Amino acid sequence: MTGELAKRSYVIGQTEISVRPLEPALYLVATPIGNLADITLRALETLAAADIVACEDTRVSRVLLDRYGIRRRTSAYHEHNAGEAGPKLIAALLAGQSVALISDAGTPLISDPGYRLVGEALDQGIRVVPIPGPSAALAGLTASGLPSDAFLFAGFPPVKTGQRLARLEALKAVPATLIFFESPRRLADTLSAMVEALGGARKAAIGRELTKTFEEVRTGTLQSLADHYAAADTPRGEIVICVGPSEATADEPEDIDRLLLSLAAEMPASKAAAEAAKMTGGQKQALYRRLLELRDTGKDGDTGKDGDG
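About the cut-offs
Residues numbered from 1 in each chain as written. Predicted model: local features only at pLDDT ≥ 70, side-chain atom pairs only at ≥ 80, totals over all residues. Heavy atoms only, no water. Pairing = 2+ DSSP bridges. Helix = DSSP H or I, 4+ residues; strand = E, 2+ residues; numbered from the N terminus. Axes fitted to C-alpha atoms, helices over the stretch in contact; angles between N-to-C directions. Parallel < 35°, antiparallel > 145°, perpendicular 65-115°, else oblique. Left-handed = near helix turned anticlockwise from the far one by under 90°. Contact = heavy atoms within 4.5 Å. Nonpolar A, V, L, I, M, F, W, Y, C, P; charged D, E, K, R; others polar. Buried < 20%, exposed > 50% of the residue type's maximum accessible area, 1.4 Å probe, protein only. Right-handed = clockwise from strand over helix to strand, strands pointing away. pLDDT = per-residue confidence, 0-100. Polar contact = N/O pair within 3.5 Å; in protein donor to acceptor, adjacent residues only side chain to side chain.

Explanation requested: the sheet that holds strand S6 (residues 99-102) in the structure shown.
The strands that make up a sheet are held in pairs by hydrogen bonds between backbone atoms, and each pair lies either parallel or antiparallel. Taken together, the 5 strands give an open sheet; going across it, the order is S5-S4-S6-S3-S7, and neighbouring strands pair in parallel fashion. Among the strands making up the open sheet, the edge pair consists of strand S5 (74-76) and strand S7 (128-131). When the angles between neighbouring strand axes are averaged without regard to direction, this sheet yields 25°. The sheet contact formed by strand S3 (residues 26-29) and S6 spans 3 bridges and is parallel.

In structure tokens:
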């Protein structure tokens, strides 16, 4: 490769900055999720210096590379060609070349292909270097106003209704803020499912077009957000959903016991367990068994009454 194409440099404003070739390694480079100015200097240096830039979509990545005057060889690597493209990238790495892996936006491997490539590289003794930067999940979390001391990134919810509900039910008792990605056209249905599975009272936030011109963060309860998007036109842009933990997930066991007994005084045991599950994020079956244990030990003052007869 000669001439202009051989240059290892990037441009900021009117200044061209030369870089040296990279050591052979697989570099995982985070790229902007919207605003191209969010790129880091280290990311620019890595993209300009790499022998190969592996892109989810070369057309999308070319916009970023052209913005900063980066003229490097690009190669497509995505979920549909990973079986063919992955071994070629590994071969290049084993031959002593440097490969920078980027997705269309954000941090590679986060709801994007790449973890198998990283695993294969590690198995082959190839060095893997993370180049951290933008992440839609973290941008949505920090702007949501929800607890950030513990959080779980849950990716895209399943498309099929039954699978989606089952997945949400499995996450119900997690004592952390839940973070999801979602398609704009499925947002209303997913929020409705979240109300059903997680309870409408949970605090939540919808991040849309994060770091872009029409960035929006809408907060409220799951129920209020579900009502809004059920009535609104299909939104545009990338969506991040953040759902706060159930406020009762940190309750002490004694508090749960008191809640169960209080509910059981007004309704049958099975219904009391169901209501407690909605309020605490616990599992109905486990709460029902606990209520029966409390009655067997006489803690409710009425050991002989089941409440379901």
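Moving on from the coordinates now.
Even after reading the chapter, I still don't get the packing of helix H10 (residues 269-280) against helix H11 (residues 284-296), so can you show me in this structure?
Any two packed helices are characterised by how steeply their axes cross, that is the angle between the axes, and by the distance between the axes. Look at H10 against H11: their axes get within 8 Å of each other, and the N-to-C directions meet at 125°. The orientation of H10 with respect to H11, classified from their angle, is oblique. Between H10 and H11 lies a crossing of right-handed hand. Here Ala269, Ser270, Ala272, Ala273, Ala274, Ala276, Ala277 and Thr280 of H10 come into contact with H11, specifically with Lys284, Leu287, Tyr288, Leu291 and Arg295. Residues that form the contact of H10 with H11 fall into these classes: 9 nonpolar, 2 polar and 2 charged.

Got a minute to help me understand unusual backbone geometry in this structure?
One non-glycine residue with positive phi stands out, namely Ser111, at about 60°. Residue placement: Ser111 occurs in the loop between S6 and helix H4 (115-123). Here Ser111 falls in the partly exposed class, since its relative accessible area comes to 34%.

Would you explain the pairing of strand S9 (residues 177-182) in this entry?
Looking along a regular strand, one sees the side chains alternate between the two faces of the sheet. Within S9, 6 of the 6 residues are buried, leaving the element largely enclosed by the surrounding structure. Here S9 shows no split at all, with Thr177, Ile179 and Phe181 on one side and Leu178, Phe180 and Glu182 on the other all buried. In this sheet, S9 lies alongside strand S8 (residues 151-153) in parallel orientation, the contact comprising 3 bridges. Residue pairing across strands places Phe151 opposite Thr177, the latter belonging to S9. Following the backbone out of S8, through helix H6 (residues 161-171) and into the adjacent parallel S9, one traces a crossover that is right-handed.

Would you mind going over the environment of Ile70 with me for this structure?
Position of Ile70 among the secondary structure elements: in the loop between helix H2 (58-67) and S5. Note on Ile70: relative accessible area 2%, which makes it buried. If we skip the residues at most four places from it in the chain, Ile70 touches Ser9, Tyr10, Leu44, Leu47, Ala48, Arg62 and Leu65.

In this structure, what is going on with the pairing of S7? I would like to understand it.
Burial along S7 is one-sided: Val129 and Ile131 are buried, and none of Val128 and Pro130, which face the opposite way, are. Judged from the 4 bridges that link them, S3 and S7 form a sheet pairing that is parallel. Of the residues in S7, the one forming a bridge with Tyr27 is Val129.

How should the confidence of the model for the chain be read in this particular structure?
Detailed reading of predicted coordinates is not advised where the pLDDT is low. On average, residues of the chain score 90 in pLDDT, and 93% of them reach the 70 mark or higher. This stretch, residues 1-5, has a pLDDT under 50; its non-local contacts, to residues over four places away or in other chains, come to 5 contacts. Counting interchain partners and residues more than four positions distant, the pLDDT-below-50 stretch residues 301-309 has 15 contacts.

In this structure, what is going on with the side chain of Ser144? I would like to understand it.
With respect to the element layout, Ser144 can be found in helix H5 (residues 136-144). According to the relative accessible area criterion, Ser144 is buried, its value standing at 8%. A distance of 2.7 Å separates a polar atom in the side chain of Ser144 from the backbone oxygen of Leu141. Within polar-contact distance, the side chain of Ser144 engages the backbone nitrogen of Leu146 at 3.1 Å. Sequence-distant contacts of Ser144, that is, excluding residues within four places in its chain, are made with Ala205, Thr219 and Cys242.

Help me understand the side chain of Arg208, please; the structure alone is not making it clear to me.
Relative to the assigned elements, Arg208 resides in strand S10 (residues 203-208). On the accessibility criterion, Arg208 (16% relative accessible area) is buried. In contact with Arg208, not counting residues within four places along its chain, are Phe214, Glu215, Glu216, Pro235, Arg236, Glu238 and Ile239.

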